[in-house]
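# Structure assessment
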There are 4 protein chains.
Amino acid sequence: MGIQERKKREKERRRQQIIVAAKKIFSEKGFTKSTMEDIAQEAELSPGTLYLYFKNKDELYASLSLRILQYLNIRLEDLKNAENMDSQKKIAALKDALYDVYQFDPLVLISMFHLQSSETLKNLSPDLLADIMKLSRRSLRMMAQIFEEGIRRGTLINKNPTALADVVWALFSGIVLWEESKKLIDKNKDYLKQTLDIAFEILSRGVTN
Amino acid sequence: MGIQERKKREKERRRQQIIVAAKKIFSEKGFTKSTMEDIAQEAELSPGTLYLYFKNKDELYASLSLRILQYLNIRLEDLKNAENMDSQKKIAALKDALYDVYQFDPLVLISMFHLQSSETLKNLSPDLLADIMKLSRRSLRMMAQIFEEGIRRGTLINKNPTALADVVWALFSGIVLWEESKKLIDKNKDYLKQTLDIAFEILSRGVTN
Amino acid sequence: MGIQERKKREKERRRQQIIVAAKKIFSEKGFTKSTMEDIAQEAELSPGTLYLYFKNKDELYASLSLRILQYLNIRLEDLKNAENMDSQKKIAALKDALYDVYQFDPLVLISMFHLQSSETLKNLSPDLLADIMKLSRRSLRMMAQIFEEGIRRGTLINKNPTALADVVWALFSGIVLWEESKKLIDKNKDYLKQTLDIAFEILSRGVTN
Amino acid sequence: MGIQERKKREKERRRQQIIVAAKKIFSEKGFTKSTMEDIAQEAELSPGTLYLYFKNKDELYASLSLRILQYLNIRLEDLKNAENMDSQKKIAALKDALYDVYQFDPLVLISMFHLQSSETLKNLSPDLLADIMKLSRRSLRMMAQIFEEGIRRGTLINKNPTALADVVWALFSGIVLWEESKKLIDKNKDYLKQTLDIAFEILSRGVTN
DNA sequence: TATGAATGAGAGTTCATTCAT
DNA sequence: AATGAATGAACTCTCATTCAT
């Protein structure tokens, strides 16, 4: 078994090696302009090898999302388990978690938001798509639980928690993409943190009874 | 003079003919997978003709945004001029305006949000980019004015109006993209209106003093 | 008849107008990169009009050669008629004539040399080709006559005069093209006159008995 | 080590395979009308493969020149090292060398002369251009040395040797192009050798003291 | 498992030429 | 005669993917 283990570990390491390279290249050039050749070179592998680990370019791209979704899940899990926190605090903590996710890897996060609602999504292998969906759903469910709890306690307004989670997610992604867009035009502008703070302050006030 | 008039009208009609075709194709296949050939065929024109009206594929794509931004501007202009409306009402009206913009042309709106925060933006001709920027900025300024007014009157919390406008825009685009994304996975889901309603209700409560 | 005359004159003027424009554009951009659109614009005409006066782009290009060949013929004619000139002087005068032709329109001359021995030649209409051939042959014949005369008089070595004319023409075109080539690499270099002087001095010594 | 060797050899063979095909196609159709598709087909390769070996069409075209320039260099080198030859003999030998170069590959030589003094030259990659320039310059320098030697010995007239080399080169290229041109019109004519002989006889007489 | 040369379909774009007005 | 919008074939070049080694 030891050998198989080691092989599996090595295989996983290769995958990561490719993912790291892909992240770099995709971030620098965007999806369309990145070539498999570029990524292979960055990973110090041959183009052919990439196809041993990823079905195609789309899947490689989408795989980046998995890592960040996993990180998001961990952060939300922690938040869920946190005790002695009122809803206000939890919402503030949610904001921090999301901001951490952004900082964990801004470019990949943006890639992921691009991936959502785009053609690429349809071309993914069912397996990968299922993985992504599972993680997203779990994240949203955990966010919903925060609101659910507050509603149960009577501190938050009585709105469908799932919808509230959608609002949070939409707000977060909207802010990330919009601030990114402003940065594209004017490199100096970087108001993400501030916009996020204001947005969540309003959100917090808005959902509080 | 009549002849020049007619020619101008015909030229404009051709442009529209191409825009309609482009909208259809881009919506169906996404930017990358749509070919100029596809669009030409849809418009019942030859590929070369497209280039008489649009400098290249990027510009054709971006041109779609212009119309919807113009429509948005008009709606916001109306809102600005509306009298006898308290801030609450104005925010509700703002939501309606944005929803109308969505309904005016959902696919183009989504395209526009995709265009934002993508490499394509940088490849546009300065003229077109300037036009788009001008319209976006004007829209955001008008939204900011709604908040400004409320703050002046003391009915809204004292936050930077420009930032509030950014939050609204991010929220709107985030919801549109996220709900679209959910639809891609499951065609039956269409909660945009509901999510938008909840989001703006929270927003409204959140910014009210 | 007056009207027809006038029409013919006007037609000829239009032709010239186009030729002037074509010369400018071809000189600036070279044959391949010049478009009929460019030339039409320069001539302040529409692309379609060009085709009323020239069968196609190739013919328009080749037409430029005609003018310079005509000029060459005139200069050689003068030379032929010149009396009281020994062969040495005639050869020197021939050099001057050729240099004048170069100065008359360097870019068109170069174009003409490019035209020679290239694909384009085969695509010309028989008429135009015949015109060009007629003028070239006449020029060469006149050069040959200069040598013939000298040989008859015994001042020049007894070589086939036609071959000598070929040598002169090859030498002239070779120098023009080669010096042009050097200029392409280094704009400052312009030794055409000097090279031509040396070449003809040697030629003159070489053919003198 | 053997494997690397073999791969290198194979790579070089492929290059040659492409060059041979390119030569054939360019000769038949001229530069503009030859398509990469044509060449690929002739080489029994796919169009994409051509681009693995040559950056673009221009470079492929220019690459043809390199081989012939190398051959020219070798021939001139031999000539330079030849002892016990007076200047007359050396000039005759120079003519023979040039004629051999012509015979080595007439079509490529003509291509090279076309390349000279054409826009294409400017589009070459600096590396390739540098290679071509280096070889041309070296060839011309070696020709100049022949004259230099004769001048030093007092057997040749005292003219700038560099200019004399230019004259030789211009004369040679002029003759090749002009005789080619005549052949285009009338396939039966082939006076290149004879014209070259006469030209060099005159040259020789002309430069001899 | 890894390679990387080769593939070849297909893209965006250009432009000589035509023809209805 | 002149126009100029429209054509559409043809071009160069790219690059995701394959497969013999």
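On a predicted model such as this, the values are computed, not experimentally measured, just so you know.

## Some remarks on the overall build of chain A
- Secondary structure summary: chain A contains 10 helices and zero strands in total.
- Its helices and strands taken in sequence order, chain A reads α-α-α-α-α-α-α-α-α-α from the N to the C terminus.
- Based on the C-alpha atoms only, the size of chain A along its principal axes is roughly 60 × 50 × 25 Å.
- Evaluated residue by residue, chain A yields a buried proportion of 54% over its 209 residues.
- As presented, chain A carries roughly 10,300 Å² of accessible surface, and 49% of it is formed by carbon and sulfur atoms.
- With 34 positive and 29 negative side-chain charges, chain A shows a separation of 2 Å between the mean positions of the two kinds.

## What about the pattern of salt bridges?
- All told, the structure shown has 62 salt bridges over all chains when counted by the stated rule.
- Here Lys95(C) ties to Asp197(C) by a salt bridge, and the two come within 2.7 Å at their closest N and O atoms. Residue Lys95(C) is located in helix H5 (residues 87-104), and its partner Asp197(C) is located in helix H10 (residues 192-207); the two are separated by 102 residues in the primary sequence.
- The class of Lys95(C) is buried, set by a relative accessible area of 15%.
- It is possible to trace a salt-bridge network through shared partners that takes in Lys24(A), Glu28(A) and Glu42(A).

## Description of the relation of the copies chain A and chain B
- For the match of chain A to chain B, the screw axis carries a shift of 0.0 Å, the RMSD comes to 0.6 Å, and the turn is 178°. Such a combination of rotation and displacement between the chain copies is what one expects of a two-fold axis.
- A high fraction, 100%, of the interface residues of chain A reappear at the interface in chain B, so the copies pair face to face through one surface.

## Remarks on the confidence of the model for chain A
- Across chain A, the average pLDDT comes to 91, with 98% of residues at 70 or higher.
- Averaged pLDDT values for the elements of chain A fall to 72 in helix H7 (residues 119-123) of chain A and rise to 97 in helix H10 (residues 192-207) of chain A.

## Focus on the protein's contact with DNA strand F
- Every one of the 30 residues lining DNA strand F counts as a neighbour, but Thr49(B), Tyr53(B), Arg14(C), Thr49(C) and Tyr53(C) are closest to it.
- Considering the 4 Å shell around the protein, atoms of DNA strand F inside it are sugar or phosphate in 65% of instances.
- Ser46(B) has a polar backbone atom sitting 3.1 Å from a phosphate oxygen of DNA strand F.
- Residue Tyr53(B) places a side-chain N or O atom 2.4 Å away from a phosphate oxygen belonging to DNA strand F.
- If you list the elements that add at least two residues to the surface near DNA strand F, you get helix H3 (47-53) of chain A, helix H3 (47-53) of chain B, helix H3 (47-53) of chain C together with helix H3 (47-53) of chain D.
- The class makeup of the residues in the surface near DNA strand F is 12 nonpolar, 14 polar and four charged.

## A closer look at the interface of chain A and chain B
- Opposite the 48 residues of chain A that make contact, chain B presents 49 residues.
- Summed over the shared surface of chain A and chain B, the number is four salt bridges.
- In this structure, Glu201(B) and Lys159(A) form a salt bridge, with 2.7 Å as the shortest nitrogen-oxygen distance.
- Across the contact surface, chain A and chain B share 10 residue pairs in polar contact (both at pLDDT 80 or more).
- Taken together, the elements giving at least two residues each to the side of chain A that touches chain B come down to helix H1 (2-33), H7, helix H8 (126-153), helix H9 (161-185) and H10 of chain A.
- Grouping the amino acids of the side of chain A that touches chain B by side-chain chemistry returns 22 nonpolar, 14 polar and 12 charged.

## With respect to the interface of chain D and chain C
- With 49 residues of chain D at the interface, the matching set in chain C holds 48 residues.
- Across the chain D/chain C interface, buried area totals approximately 3,900 Å², and carbon plus sulfur atoms make up 67% of it.
- Per-residue buried area on chain D facing chain C is highest for Ser117(D), Trp178(D) and Ile202(D); these three make up 17% of the total on that side.
- The interface formed by chain D and chain C includes four salt bridges.
- Mapped by element, the contributors of at least two residues to the side of chain D that touches chain C are helix H1 (2-33), helix H7 (120-123), helix H8 (126-153), helix H9 (161-185) and helix H10 (192-207) of chain D.
- The residue makeup of the side of chain D that touches chain C, split by class, is 22 nonpolar, 14 polar and 13 charged.

Cut-off values and rules
Residues numbered from 1 in each chain as written. Chains lettered and ligands numbered in written order. Predicted model: local features only at pLDDT ≥ 70, side-chain atom pairs only at ≥ 80, totals over all residues. Heavy atoms only, no water. Helix = DSSP H or I, 4+ residues; strand = E, 2+ residues; numbered from the N terminus. Buried < 20%, exposed > 50% of the residue type's maximum accessible area, 1.4 Å probe, protein only. Areas by Shrake-Rupley, 256 points an atom, 1.4 Å probe, with all protein chains shown as cover. Lys, Arg positive; Asp, Glu negative; His and termini not counted. Charge placed at Lys NZ, Arg CZ, Asp CG, Glu CD. Salt bridge = Lys/Arg side-chain N within 4 Å of Asp/Glu carboxyl O. Least-squares fit on C-alpha atoms with pLDDT ≥ 70 in both. Contact = heavy atoms within 4.5 Å. pLDDT = per-residue confidence, 0-100. Near = heavy atom within 4 Å. Polar contact = N/O pair within 3.5 Å; in protein donor to acceptor, adjacent residues only side chain to side chain. Nonpolar A, V, L, I, M, F, W, Y, C, P; charged D, E, K, R; others polar. Buried area = accessible area lost by both parts, 1.4 Å probe.

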